[in-house]
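Topology and contacts: notes
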Amino acid sequence: MASAAPDVTEDNQPTSKINKRIALLIGILALLLAFSEIGGKNAEQDALSKNIEASNLWAFFQAKTIRGTTLRTAAEAMEIELANATEPAARERLQKRIDGWKATIARYESEPETNEGRKELIARAKAAEARRDISSARDDKYDIVSGLLQIAIVVASAAIITGVALLAWTGVGLGALGLALMIIAEVAPTALF
């Protein structure tokens, strides 16, 4: 009984050996895809969390502004009342109240010890927005990475079926591009786009 010659590729290597290499490539691409999906999900959750933090800080800022405006209006009205008061005890009470309100207004403007004055709240809200934007940029890049890796897996799989080596090399190229973009997403998420 004559044995059949093994299938060989253009470079005279047995097809099963090439298919094993492509299968290994697909496994590596799938691993990278898993890391990409995890990174993208983490970036998405972080962006959402920082967006909520920024919104809360801006709401706190607005509340401080409203309280300050209310106190400023009350202090101005009481200053008019003080100008018309003639009794020394009443004038002293009114002045004490006005001074207390003005101190509270000043505290609402800047309160470095608690980091909750309007000036500090603006800085904190803008910092949270900046962190949100970085996480959002990271998430966008991970979405592209996931797409590249999925396409690379499909193309490499087609190489096994068709025996066209160019498809396997295209999968390698797309995988390398995805890996490079994944690294950029981590170290410089706002680079490129």
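My aim in this report is to walk through the structure given alongside it, one point at a time. Please read these numbers as outputs of a predicted model, since none were measured by experiment.

What counts, and at which threshold
- Residues numbered from 1 in each chain as written.
- Predicted model: local features only at pLDDT ≥ 70, side-chain atom pairs only at ≥ 80, totals over all residues.
- Heavy atoms only, no water.
- Helix = DSSP H or I, 4+ residues; strand = E, 2+ residues; numbered from the N terminus.
- Salt bridge = Lys/Arg side-chain N within 4 Å of Asp/Glu carboxyl O.
- Buried < 20%, exposed > 50% of the residue type's maximum accessible area, 1.4 Å probe, protein only.
- Axes fitted to C-alpha atoms, helices over the stretch in contact; angles between N-to-C directions.
- Parallel < 35°, antiparallel > 145°, perpendicular 65-115°, else oblique.
- Left-handed = near helix turned anticlockwise from the far one by under 90°.
- Contact = heavy atoms within 4.5 Å.
- Nonpolar A, V, L, I, M, F, W, Y, C, P; charged D, E, K, R; others polar.
- Core = buried A, V, L, I, M, F, W, Y, C linked by side-chain atoms within 4.5 Å.
- Lys, Arg positive; Asp, Glu negative; His and termini not counted.
- Polar contact = N/O pair within 3.5 Å; in protein donor to acceptor, adjacent residues only side chain to side chain.

Another point: unusual backbone geometry. The phi dihedral of N115 is positive, around 65 degrees, even though this residue is not glycine. On the secondary structure map, N115 appears in the loop between helix 2 (88-109) and helix 3 (118-162).

What follows covers the pattern of salt bridges. A full pass over the atoms with the stated rule returns 9 salt bridges. Close ionic contact of E109 with R118 constitutes a salt bridge, the shortest N to O distance being 2.7 Å. With its nearest N and O atoms 3.0 Å apart, the salt bridge here joins D133 to R132. For R132, a relative accessible area of 22% translates into the label partly exposed. Linked through salt bridges whose partners overlap, the residues forming this network are K50, E53 and R131.

What follows covers the packing of helix 1 (residues 15-84) against helix 4 (residues 165-187). Direction vectors running N to C along helix 1 and helix 4 enclose 25 degrees, while the axes themselves pass 11 Å from each other. Taken together, the axes of helix 1 and helix 4 are roughly parallel relative to one another. Crossing angle aside, the handedness with which helix 1 passes helix 4 is left-handed. Contact residues: I22, L25, L29, L32, F35 and S36 in helix 1; A168, G171, V172, G175, L179 and M182 in helix 4. Residues of the contact of helix 1 with helix 4, tallied by class, amount to 9 nonpolar, 3 polar and no charged.

Two elements in contact, helix 1 and helix 3, have axes whose closest approach is 6 Å; the angle formed by their N-to-C orientations is 160 degrees. Judged on the interaxial angle alone, helix 3 and helix 1 are roughly antiparallel. The handedness of the crossing between helix 1 and helix 3 is left-handed.

Core analysis: the biggest nonpolar cluster contains 19 residues, and I22, L29, L149, A156 and M182 have the highest contact counts within it. Looking at this core, the elements with two or more residues in it are helix 1, helix 3 and helix 4. Setting aside anything within four residues of it in sequence, one finds L29 in contact with L149, A152, I153, A156, G171 and G175. Judged by nonpolar contacts, the second largest core, of 10 residues, contains A75, M78, L94 and I98.

Right, let's talk about the side chain of K141 for a bit. Positionally, K141 belongs in helix 3. Despite its burial, K141 pairs with no opposite charge, the nearest such side chain being D140 at 6.8 Å. Polar contacts involving the side chain of K141 include one to the main-chain carbonyl oxygen of A191, which spans 3.1 Å. The contact partners of K141, leaving out residues within four places of it in the chain, are L181, I184, A185, A188, P189, T190, A191 and F193.

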